[in-house]
Amino acid sequence: MGDVADKLAYFQAITGLEDPDLCTEILAAHNWDLELAISSFTSPPNPAADIPLHPHPNNRVPSSPNPQPQPPPGLAWKLITLPVSVISGSLGLISGAIGLGLWAAGGVLSYSLGLVGLGSGSSSSSAPLVSVSAATSEAMDFVAAFERDHGTGGPNFVGEGFMDALQRSRNSFKLLFVYLHSPDHPDTPSFCQRTLCSETVAAFVNENFVCWGGSIRASEGFKMSNSLKASRFPFCALVMAATNQRIALLQQVEGPKSSEELLVTLQRVLEESSPVLVAARLDAEERQNNMRLREEQDAAYRAALEADQARERQRREEEERLAREAAEAERKRKEEEEARERAAQEAAEKQAALTKLRQEKAQSLGEEPEKGPNVTQVLVRFPNGERKERRFNSTATIQSLYDYVDSLGCLEAESYSLVSNFPRVTYGQEKLTLSLKEAGLHPQASLFVELSS
């Protein structure tokens, strides 16, 4: 561990501190002694409650002739407010230990015997667990056998594999109580009956922990005993979930224990970890609330966006509708204007043609002759009461009379007939070629215009 960067990285991994400057300051204060810095960081305020990192052969706490000074009170609160999962004991700091697990709790950090790796490596202690279905089957068999042998008054062991139980404890913000059952050990029956099935122990465990048990005769129980390095039975442990399929071992209880001894140990670990569990729960609730708030904000944003898009679509549709209506109105206006222009043009052309025709017919009549024996005086009365009179040569035809009437422009109608009253004679198409004298209109005649219906 001579490399400064490696020491800094390992110290960050173990303590969970993310600030490199703070980690550098702590290591520098301990002369870059990684083990001393970690030990100082994880030391509880009460030396009498210390648990040695190196297990004593007699499971007793050896006296420390030179107790180290305690860190300032409240250091853990300042540095760590959440439970910290640490890496396994591969740093070489603690020989033969499972690893190091760290829990921050109100300035008192519980000691763990380390992290146990699951599902990696080639040794039997780190072999992958069996499949979920097989693990669940083994767990259910253990629960059934335990209740058959010792009744239903003990801990409520979950009927699922270890990893599922570990996940359950993580989700419920509780520690996982692990019991490894050795059916052949002589202390097992009394421990199960008098300690585990004690009313006080069972009630305390069921209320505060998720319980998982496994027989070392079964595959998963055997692998867990190897992973936890269980050397004496009966064996109990308190563990927590860590990262990368690892668990932090917070406390192990080996050998026969009375219900009072086990209860004291469980209560101590629970008291030390309780603030952290609460902090973790609050943190999870905060994350969930933040997630729910983000989802609500996202939903509100999506709803507002959809409403804006709907309004925008409605606005565009309204604009398009108005544009279509305006275009249709403009088209109709142009069509009507073009129709009026065509009608006016046709009327003008018609009027021009009619005027030209009138002029031509007037020219065809020639000059009005003077009175004489061969001149016929013709009086023409129009439907509006107007009268026109002109002299014609007696040899002029009836068509000349029609040309005269047309040249005057007094009629809007194009179809009409010239009629005499006494006797009533209509001078129609069949008589147009007759002369006035032949038609009996000489020397004078009175005709009126009769419009055709």
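Please read all numbers here as calculations on a predicted model, not as lab measurements.

Chemist: Give a detailed account of the overall build of the protein chain, specifying residues and quantitative values.
Modeler: Of regular secondary structure, the protein chain possesses 11 helices and 12 strands. Within the span of the protein chain, comprising 453 residues, buried residues form 38% of the whole. In the protein chain, of all internal contacts separated by at least 6 residues, the share reaching a separation of at least 24 is 66%. Surface accessibility of the protein chain: about 25600 Å² in total, with carbon and sulfur atoms responsible for 51%.

Chemist: Which residues make up the packing of helix α8 (residues 199–208) against helix α10 (residues 259–365), and what values go with them?
Modeler: Viewed as axis vectors pointing N to C, α8 and α10 meet at an angle of 20 degrees, and their least axial separation amounts to 10 Å. Overall, the two elements α8 and α10 adopt an arrangement that is roughly parallel. In this structure, α8 crosses over α10, and the sense of that crossing is left-handed. Across from Thr-200, Val-201, Phe-204, Val-205 and Asn-208 in α8, the residues of α10 making contact are Ser-259, Leu-262, Leu-263, Leu-266, Gln-267 and Leu-270. Looking at side-chain class alone, the contact of α8 with α10 contains seven nonpolar, four polar and no charged residues.

Chemist: So what's going on with the confidence of the model for the protein chain? Which residues, and what values?
Modeler: Mean pLDDT over the protein chain: 77, with 77% of residues reaching 70 or higher. This model gives residues 44–132 a pLDDT under 50, and the stretch forms 190 contacts once residues within four places in sequence are excluded.

Chemist: Tell me about the nonpolar core, and please be specific about residues and values.
Modeler: With 28 residues, the main nonpolar core has Phe-146, Phe-177, Tyr-179, Leu-196, Phe-209 and Leu-266 as its most contacted residues. Elements represented by at least two residues in this core include exactly α5 (132–150), β4 (175–181), α7 (188–196), α8, β5 (209–215), β6 (235–241), β7 (246–254) and α10. If one sorts the elements of this core by residue count, α10 sits on top with six residues. Once residues lying within four places of it in the same chain are set aside, the contact partners of Phe-146 are Gly-151, Phe-157, Tyr-179, Cys-192, Leu-196 and Cys-197. Ala-396, Leu-411, Leu-432 and Ala-445 belong to the second largest nonpolar core, which has 22 residues in total.

About the criteria used
- Residues numbered from 1 in each chain as written.
- Predicted model: local features only at pLDDT ≥ 70, side-chain atom pairs only at ≥ 80, totals over all residues.
- Heavy atoms only, no water.
- Helix = DSSP H or I, 4+ residues; strand = E, 2+ residues; numbered from the N terminus.
- Buried < 20%, exposed > 50% of the residue type's maximum accessible area, 1.4 Å probe, protein only.
- Contact = heavy atoms within 4.5 Å.
- Areas by Shrake-Rupley, 256 points an atom, 1.4 Å probe, with all protein chains shown as cover.
- Axes fitted to C-alpha atoms, helices over the stretch in contact; angles between N-to-C directions.
- Parallel < 35°, antiparallel > 145°, perpendicular 65-115°, else oblique.
- Left-handed = near helix turned anticlockwise from the far one by under 90°.
- Nonpolar A, V, L, I, M, F, W, Y, C, P; charged D, E, K, R; others polar.
- pLDDT = per-residue confidence, 0-100.
- Core = buried A, V, L, I, M, F, W, Y, C linked by side-chain atoms within 4.5 Å.

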